[in-house]
Amino acid sequence: MKLKRLTMALAISLVPALAMAADDKFKSMDTDGDGAVSSAEHAAGAQKMFTKMDANHDGAVTAAEMDAAWAAKGKGDKAAKMKMSSADKIKEIDTDGDGKLSAAEHAAGSQKMFAAMDANGDGKVTEAEMQAGHDKAMKSAGH
Ligand SMILES: [Ca+2]
Ligand SMILES: [Ca+2]
Ligand SMILES: [Ca+2]
């Protein structure tokens, strides 16, 4: 009985935490709080993410650095389910093919992603567009 109640309490407390994580990501990018992420806000968010992933600060993000960043965020399992490794993700936007992402390559890649997510082309991505765009991107990239 006690154990069951504990499991229930855990399940209840874990679910909102997961939902909040996605919401937080959107909110952290929506810096002016108007409920939509503009391309400038998205670019700033992408730059912040790049800096965070570049653990040795050499101006390039390797697959290992990306893996470590995702693992630290607790998204490793999700990434594995999407069947897209960090190396694959890098390949998608590694325009000079050196196997690493420069800040410029990452910026260009996230700009492309922003354009793909902005379904109605108004230069802003709402939370719904972001969710739908991510799902689509992950599916089409899943080969
Ligand atoms: Ca905004
Ligand atoms: Ca690096
Ligand atoms: Ca590169």
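Given the structure is predicted, the values throughout are model-derived calculations rather than measurements.

**Student:** Please give an account of the packing of helix α3 (residues 63-72) against helix α5 (residues 86-93) that cites residues and values.
**Tutor:** Running from N to C, α3 and α5 point in directions that differ by 120°, and their axes come no closer than 8 Å. Relative to α5, α3 is oriented oblique. The two elements α3 and α5 cross, and the hand of that crossing is right-handed. Seen from α3, the contacting residues are A63, M66 and D67; seen from α5, they are S86, A87, K89 and I90. Grouping the amino acids of the contact of α3 with α5 by side-chain chemistry returns four nonpolar, one polar and two charged.

**Student:** Now, about the nonpolar core: what can you tell me, with residues and values included?
**Tutor:** By size, the foremost hydrophobic cluster in this structure holds seven residues: A46, F50, M53, V61, M66, I90 and L101. When neighbours within four sequence positions are excluded, L101 is seen to be in contact with A60, V61, I90, I93, D94 and H106. Listed in part, the five residues of the second largest apolar core include M29, V37, V125 and M130.

**Student:** Give me the lowdown on the confidence of the model for the protein chain, citing residues and values where you can.
**Tutor:** With 73% of its residues at a pLDDT of 70 or more, the protein chain shows a mean pLDDT of 83. Counting contacts from residues 14-19, a segment whose pLDDT is below 50, to residues more than four positions away or on other chains yields zero contacts.

**Student:** Summarise the environment of E65; cite the residues concerned and give the values.
**Tutor:** Examined against the element boundaries, E65 turns out to sit in helix α3. Exposure remark for E65: the 20 C-beta atoms within 10 Å place this residue in the buried category. Residues in contact with E65, not counting those within four places in the same chain, are M53, D54 and A55.

**Student:** Please provide a residue-by-residue account of the packing of helix α2 (residues 39-53) against helix α6 (residues 103-117), values included.
**Tutor:** Each pair of packed helices can be described by the angle between their axes along with the distance between the axes. Two elements in contact, α2 and α6, have axes separated by 10 Å at closest approach and are oriented at 140°. Compared by their axis directions, α2 and α6 come out oblique. With respect to the hand of their crossing, α2 and α6 are arranged in right-handed fashion. Taking contact as the criterion, the partners of S39, H42, A43, A46, Q47 and F50 in α2 are, on α6, A103, H106, A107, S110, Q111 and F114.

Thresholds applied
- Residues numbered from 1 in each chain as written.
- Chains lettered and ligands numbered in written order.
- Predicted model: local features only at pLDDT ≥ 70, side-chain atom pairs only at ≥ 80, totals over all residues.
- Axes fitted to C-alpha atoms, helices over the stretch in contact; angles between N-to-C directions.
- Helix = DSSP H or I, 4+ residues; strand = E, 2+ residues; numbered from the N terminus.
- Parallel < 35°, antiparallel > 145°, perpendicular 65-115°, else oblique.
- Left-handed = near helix turned anticlockwise from the far one by under 90°.
- Contact = placed C-beta atoms within 7 Å.
- Nonpolar A, V, L, I, M, F, W, Y, C, P; charged D, E, K, R; others polar.
- Core = buried A, V, L, I, M, F, W, Y, C linked by C-beta atoms within 7 Å.
- Buried ≥ 20, exposed ≤ 12 C-beta atoms within 10 Å, placed from the backbone.
- pLDDT = per-residue confidence, 0-100.

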